[in-house]
Amino acid sequence: MAELSRQTWQARRYAATAAFVPAGGAAVLALLAPQQGERILDLGCGDGALTKEIAAAGASVVAVDAAPDMVAAARAGGLDARVMPGQSLAFEREFDAVFSNAALHWMRPPETVLQGVRRALKPGGRFVAEMGGHNNIAAIMVAVAAVLGRRGLNAPALSPWYFPSALAYRAKLEAAGFAVTEISLFGRPTVLDSGIDAWLDNFAEDFFAPLAAAERAAARTEIVDLLRPVLVDETGTWIADYVRLRFRAVAPK
Ligand SMILES: C[S@@+](CC[C@H](N)C(=O)[O-])C[C@H]1O[C@@H](n2cnc3c(N)ncnc32)[C@H](O)[C@@H]1O
């Protein structure tokens, strides 16, 4: 059963305040190394910023995302973008590669997604992706858990995310039939030019949805107050404690 997040994805807000996400995808795009004439699926494409770069390499790209507003933005940019959750990919042996940046951790259960990716790939096709990994945004998670806990809510149970270790995800890739050619987990402190409030707006709605409207502002203020001494540097810049998992895996021939 697919577990869809309650996050309301707004393409305009995302483009204005979360451009650091596709910008952070440069290395995984290089690992994909899209070739002229290849057919590539961009899974969880968002507004299509990276999809465009894959297309610019001469590949024919299909982009899918669960959020209608993001897909509309990608289409407005001239891309073949479709509303399709990663848990119900409807492709058979069609793609030379499946690519994903900063999206797989939103798609649960991962086993269902991996089966769909494998079905979508041609034999020997590659799956190249980057996602949040084990210990990603640990400080943010602890602050959210503390503040929601005071209100009788269990933050881990409300989390829309799956942040696996390299060990755990390698096992899932292999169980789905992939041969893993590389996988690594690494810290990537991420500057939030638009601050923590915009980050919470873009990504953290699942935690606030169960609170009464009147409680939300107070809870956010408490979370931000807990995080400020940890995540703000001496120049006043918010830097989030991102940990990413990047991998390349190959489907069986
Ligand atoms: C942080 S954005 C990343 C977007 C894009 N890949 C980028 O690098 O800018 C995460 C994206 O995952 C999408 N998403 C979340 N859950 C999804 C699901 N179950 N299936 C497909 N896409 C999903 C969201 O709608 C959002 O566009």
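In case you missed it, the structure is sitting above this.
Figured I'd write up the structure that's included with this text.

How each quantity is defined
- Residues numbered from 1 in each chain as written.
- Predicted model: local features only at pLDDT ≥ 70, side-chain atom pairs only at ≥ 80, totals over all residues.
- Heavy atoms only, no water.
- Near = heavy atom within 4 Å.
- Polar contact = N/O pair within 3.5 Å; in protein donor to acceptor, adjacent residues only side chain to side chain.
- 1 Å grid on protein atoms, 1.4 Å probe; cavity = no way out; pocket = protein on both sides within 12 Å on 5 of 7 lines; lining within 4 Å.
- Sits in = over half its atoms within 2 Å of the grid points.
- Nonpolar A, V, L, I, M, F, W, Y, C, P; charged D, E, K, R; others polar.
- Axes fitted to C-alpha atoms, helices over the stretch in contact; angles between N-to-C directions.
- Helix = DSSP H or I, 4+ residues; strand = E, 2+ residues; numbered from the N terminus.
- Parallel < 35°, antiparallel > 145°, perpendicular 65-115°, else oblique.
- Left-handed = near helix turned anticlockwise from the far one by under 90°.
- Contact = heavy atoms within 4.5 Å.
- Expected span 1.5 Å × (residues − 1).

## A short note on the site of the ligand
Taken together, 23 residues lie near the ligand, and Tyr14, Gly44, Asp65, Gly86 and Asn101 sit nearest. Glycine 44 has a polar backbone atom sitting 2.7 Å from a nitrogen atom of the ligand. Contact between the ligand and glutamine 87: a nitrogen atom at 2.9 Å from a side-chain N or O atom of the residue. If you map the ligand onto the pockets, it falls in the largest pocket. Residues belonging to the shell around the ligand are distributed by class as follows: 17 nonpolar, 5 polar and 1 charged.

## Some details on the packing of helix α6 (residues 110-120) against helix α9 (residues 166-175)
Put simply, α6 and α9 touch, their axes get as near as 9 Å, and they point 45° apart. Judged by the angle between their axes, α6 and α9 are oblique. Here the hand of the crossing between α6 and α9 comes out right-handed. Residues Pro110, Glu111 and Leu114 of α6 pack against Tyr169, Lys172 and Leu173 of α9. When its residues are assigned to classes, the contact of α6 with α9 shows 4 nonpolar, no polar and 2 charged.

## Points about helix α7 (residues 138-149)
Here α7 contains 12 residues, and its C-alpha end-to-end distance of 16 Å stays within 8% of the 16 Å for a straight helix at 1.5 Å per residue. Buried residues in α7 make contact with α8 (155-158), α10 (195-203), α11 (205-208), α12 (213-231) and β8 (238-240).

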